[in-house]
Structure formats: C-alpha cells, structure tokens
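Per-entry structural report
These are the residues of each chain, in order.
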Amino acid sequence: MSVEDHNELGFWRKYIFSTDHKVIGVQYALTSFFFLLVGFSLVLMMRWQLAYPGQPMPFEFLSKIFPAGLPGGVMVPEFYNSLGAMHGTIMVFLGIVPLAFGAFGNFVVPLQIGAPDMAFPKLNAASYWAFFLGGIVMLISFWVPGGAANSGWTSYPPLANIATTGQTWWLCGMVLLITSSLLGSVNFIATIIQLRAKGMTYMRLPFFVWAQLVTAFLLLLAFPPLEAAGVMQLMDRLFDTSFFMPSGLIVSGEAVDVSGGGSPLLWQHLFWFLAHPEVYVLILPGMGIVAEVIANNTRKPLWGYKSLVYSVLFLGFLSFFVWAHHMYMTGMGTVISAFFQTTTMIISVPSVIILTCLFISLWGGSIRFNTPMLFALGFLPMFGIGGLTGLPLGFNATDLYLHDTYYVIGHFHYVVAPGTIFALFAGVYYWFPKVTGKMMNEMLGKIHFWASMIFMNGVFMPMFIQGLGGVNRRLYDGGLQYAQNEPVLHWNVFMTTSAICLGFAQIPFLINLIATLCKKKRVESDNPWEATTLEWATPTPPPHGNFLTEPVIYRGPYEYSVPGAKKDFTPQFEPDEESK
C-alpha cells in the first residue's frame, strides 16, 4: 500500500489515540520527560531537607500543594519517606524505562529494521495508555489519606503491608506499569523477529536493535514475578492474606491480627528477580544509542560488532542469576552467597567488553565533537565509574559495611543518571532531526552537556565519601543524630547546591527544544548526519508506513570509511555498483 492510499485521520486518532509507532514513541518521550521532571523535583525537596534539616522550604507554595507533608513549610519524616519511595519509583518506572525502551524503541526500531510499523499496533497503543494510567495513579497517591507510599521504592514487607493507603495506590500503579511493559516487550520481540526488511539478517542489525531485543526479553521474563508479588501484597493489604506476613508480628506493642505464616523474604526474592535485570533494562538501550552515535561521529565501523552482540546476549542471560547479591544481609549461607558473588563478578565481564569495544572504536577515528557525541563520550567514563563502584557491593564481606549507605546510592546513580540519562540525551539530539526535520542548536547543546557533566558529578561523587564514612540512606535528617557522621555531613550542602544547579543546567535544553520546534528552517537532507543505518532512508519526518518503497538491505550497519569508496559512508540501503 502506498503512502497516499490511506484515509486522513482526525486529530484525536492521529495524535492522541494513534496506533502509529512514531506517534506513540513521541507520546512516550513527552510523558516520560514530564515524569523525569516530577521525579527530579521530588529529590530537590529531599536534598533541601538533608542540607538544612528542620528548616522551612524556600517556596511557600509547596506547603499549599502538600499541606500534610510540609506544615508551615517544614518537612515531616513521613513525607520524606514518601518522597524517597516515589522518587525512585517515578524515575525508574515512569521516567527512564519508558524513555529508553518505549520512546526510542518505538520510534527508531521499526525504522532501523525496515518495518512499516510495529507487529501489533493496537497492542502498542494499549501499552502506552497502561503506562499513562499507571503514572496518573502514582501521582494521585500523594493526595490520598496518609500520603503516597512511604516504604521505600522496594516496598519491603511487613512494613509495606501495614503502611498507609498510598501503598495500595502504589501497587495498583505498578500493576499497570508492569502490564504496559509486558505488552511492549511482546510487541518488540515479534516486530524484530518477523518484520525485518529483505536482506536484514541478524548480523546486519544495528547494535541498538540488538540492545532493544535483549531488553524486551528481560522485561518479558523478569516482570511477571513482580506483578505476581504486587498482586499478593495487594491481597495481604485488602483481603487479610499472609503471603508476606510472618506469625507473631508486634507493632507498637500490639500483636498484629493476621493469620501469619508468610515470608517477608519471599517479596525480596520476587522483587530483586525483576530489579536486577531492570538495571540492564535501563542501561542496554543507552549502550545501543551510544554505539550508534559513536560509529557515526568517528566515521569508522564499531570495533568488535560481534563481540558487542554476544556480550549483550550473555549479559541478558546472566542477569537472571545475580539477584540475591542485594540480599546478603538476610543471613544467607556461605555456599549460596559464594554462588551469587561469583555470578556477579562474571556479569561484569560482558559489561567491560561492551565498554572496551566502544572505547577502542574511538581509536583512529575522525571524531566530530557535536552535541550527541559529547553526551555519548560523557556516558563512557560515567558508566565506568558506576560499574567499578559496584564491584565492592558484589562481595559479601564488603557489602556488609556498605549496604544501605550513601555509597550504594552513589553507585546506582552513576549507572542511571550521568550514565543512562547522558545516553538518552545523546539519542534526543541525534534523532531529533529525523523526528521533526529540524536540527537543534549546537551551542545550547554544548552548554547543556558541560553544565550537566559538572553538576551531575557534584551531586553524586560526594555520596561515595559519605557512604565510606558510614552515613546511612533513608535518614530524614541525613544522619545528624549519629556522631560518627559529623565529619562528612557538610557534603550535604554541596550536593544540594549541585542538584539545584543541575536543574538550572536543563534550561538550555528546554530553550533549545522549544526554539528549534518554533523555527522554520528545516534540515536540507533526509540524512543530515551522513549515517549508514536504515532509519535515514525514509523521508523526514517519516510518513505513515515509513518507507516510500520496500527497503532492501545490502550490507552491515556500520560501513564507514570503506577503502576505495567514493564517500566516507556507505548506507545499508544503497545497492552495490554490481547489483544496480
């Protein structure tokens, strides 16, 4: 069917309740950026409380928005706990995952494999709306009696089972978000396997597509246990079952009236069986984006393409065998802890291979230091810091002292904040011309990068100092009541100032985004970056059905600077001289 053969859709069908993968990708992007802003706003309130415990918030309107949590502008401990739980939940499940997987995956993957759309377009729309409703439920929970969930983003029972009403809303929201991810993962797997263009063999797939395929399998296999756990915790809260409630539990001096016999550790196993693969759900799409940007801006093929593919497959497989390294404090035996220590060390190997391939790809390249490339280059050392600082947490003996300290927060945030989020910004700047037909301003982009790089490190690097100094996380006053914390608590003011500056550092990005959308000048070419992959073969922006003619693939995805070629890039979709 040609592009002209379909009926023109109305506004609501075209932009709101669309089944076009490109529109759904943009919907995911806009919604997840909104939730990233919400999640960041929550952490700014937390950081103010940590830097200036007990002092009123500087903005009076906050006490009107959250009257129960900020009476007179002063934060109560229960509200601090809610902010911590909801910040983690929103940033991971409503921000980074839908942006990395839902937005970039939806828009780019069908284009890169030569598909006219996703395999199941209506399922794709259902996936977005389940995500959207899950986010609405999470936000509304702030204003239910007792406030939002306040048992940590991990929601450990029995505390979560006896928590306020917000925990029930949290569980309902999680069920919707998990359902969204399951629908999306099935769709991605079917699309990549079944709808590849003629000539697009598996070893001709761009690395970004491989990363999304493995991510889809992780979501499909790891999320059902948590969905089951969420339903069981809902049953415990609403119907007095005892899946996670032990016998003989005493709360405030009173015996809890439950049948008992449940296991709080069962929740931890089911949660972390998802939550460790979830780390790779966050990082793998980012690695895929960085690979595309580095290959394009070094003007040379990715070094070790097959090594990258096999590493990402092995990484996905092994991620299901390391979850209990989050549970060393539960009293597991030496044999089982030795097993999880071993698998944790092994899983670092494919991560190092991927990072090494990306570093070596820079060697000898004619590097273009544009904005996407700067964010991709920034990703490499930041993810390296995140990975290296995770190694001590993989050993039982060292985790005993570092567990639940700010060291853990620093480690995790280096993986997902200056790590994954830098990769996502690289993708935004790189594919923005294909989405809109307009190129973002380079000067504003570079200001955005350097300011974000400086202040990101200002926020998270001191966390390692505090963690090694013994400061525990989830303390309402930042650890003020513990004498041993005093030498390192002054870093809270520094980190809070850096976090505020990091917020201001995003203003150039917002100005750039709005100004670029408003300007009339469009890119002169459908392939402004002179890239080799298939998404650049479509008109800009891509029309309904994506391709004007059925695409055919003639070569691998990264044919840059081929000896004897007339130009320094040879697209996958450009036929050989002999085949013309």
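In what follows, the accompanying structure is described. (Residues numbered from 1 in each chain as written. Predicted model: local features only at pLDDT ≥ 70, side-chain atom pairs only at ≥ 80, totals over all residues. Heavy atoms only, no water.)

**Digging into the environment of Ala-197**
Put simply, the test is: Numbering of helices and strands runs from the N terminus, with a helix taken as a DSSP run of H or I at least four residues long and a strand as a DSSP run of E at least two residues long. A 1.4 Å probe rolled over the protein chains alone gives each residue an accessible area, and that area as a share of the maximum for its type sets the label: buried under 20%, exposed over 50%, partly exposed in between. A contact between two residues is defined here by any heavy atoms of the two lying within 4.5 Å.
You can see Ala-197 is positioned in the loop between helix H6 (166–194) and helix H7 (207–239). Classification of Ala-197 as buried rests on a relative accessible area of 10%. When the C-alpha atoms of Ala-197 and Ile-113 are compared, they prove to be 6.0 Å apart, with 84 residues separating the residues in sequence. Once residues lying within four places of it in the same chain are set aside, the contact partners of Ala-197 are Ile-113, Gly-114, Pro-551 and Ile-553.

**As for the side chain of Ser-127**
Of note, Ser-127 is situated in helix H5 (residues 121–140). Ignoring anything within four residues of it in the chain, the contact list for Ser-127 reads Tyr-28, Ser-180, Leu-183 and Gly-184.

**Structural notes on the environment of Gly-304**
On the secondary structure map, Gly-304 appears in the loop between helix H8 (264–298) and helix H9 (305–318). With 56 residues separating them along the chain, Gly-304 and Ile-360 place their C-alpha atoms 8.9 Å apart.

**Overview of the side chain of Ser-18**
What counts, and what does not: Identification of polar contacts relies on pairs of N or O atoms within 3.5 Å, with a donor-acceptor requirement for protein atoms, meaning one able to donate a hydrogen and the other able to accept it, and with residues adjacent in sequence counted only if both atoms are side-chain atoms.
Assignment of secondary structure puts Ser-18 in the loop between helix H1 (11–16) and helix H2 (21–51). Under the relative-accessibility criterion, Ser-18 is labelled buried at 4%. Of the polar contacts made by the side chain of Ser-18, one reaches the backbone nitrogen of Asp-20; its length is 2.9 Å. Those residues in contact with Ser-18 that sit more than four places away from it in its chain are Trp-12, Arg-13, Val-23, Ile-24 and Ala-125.

**Quick notes on the nonpolar core**
How we decide: Side-chain atoms within 4.5 Å are what join buried Ala, Val, Leu, Ile, Met, Phe, Trp, Tyr and Cys residues into a set we call a nonpolar core.
Counting residues in each nonpolar core, the largest one holds 172 residues, and the members touching the most others are Met-45, Met-86, Phe-207, Leu-226, Leu-284 and Phe-379. Counting residues per element, this core draws most heavily on helix H4 (residues 77–113), at 21 residues. In this structure Phe-207 touches Met-287, Gly-288, Ala-291, Glu-292, Leu-302, Tyr-305, Leu-308, Val-309, Val-312 and Tyr-558, once residues within four positions along its chain are discounted.

**Quick look at the pattern of salt bridges**
Formally: Only one rule defines a salt bridge in this text: a Lys or Arg side-chain nitrogen within 4 Å of an Asp or Glu carboxyl oxygen.
Throughout the structure, instances matching the rule amount to six salt bridges. The closest approach of N and O atoms between Arg-474 and Asp-404, which form a salt bridge, is 3.9 Å. Here Arg-474 is found in the loop between helix H14 (442–468) and helix H15 (491–505), whereas its partner Asp-404 is found in the loop between helix H12 (396–402) and helix H13 (406–436), with 70 residues between them in sequence. With relative accessibility at 41%, the residue Arg-474 sits in the partly exposed group. Across the pair Glu-574 and Lys-567 runs a salt bridge whose closest N-O atoms are separated by 3.0 Å. Residues participating in the shared-partner salt-bridge network are Arg-299, Glu-530 and Asp-568.

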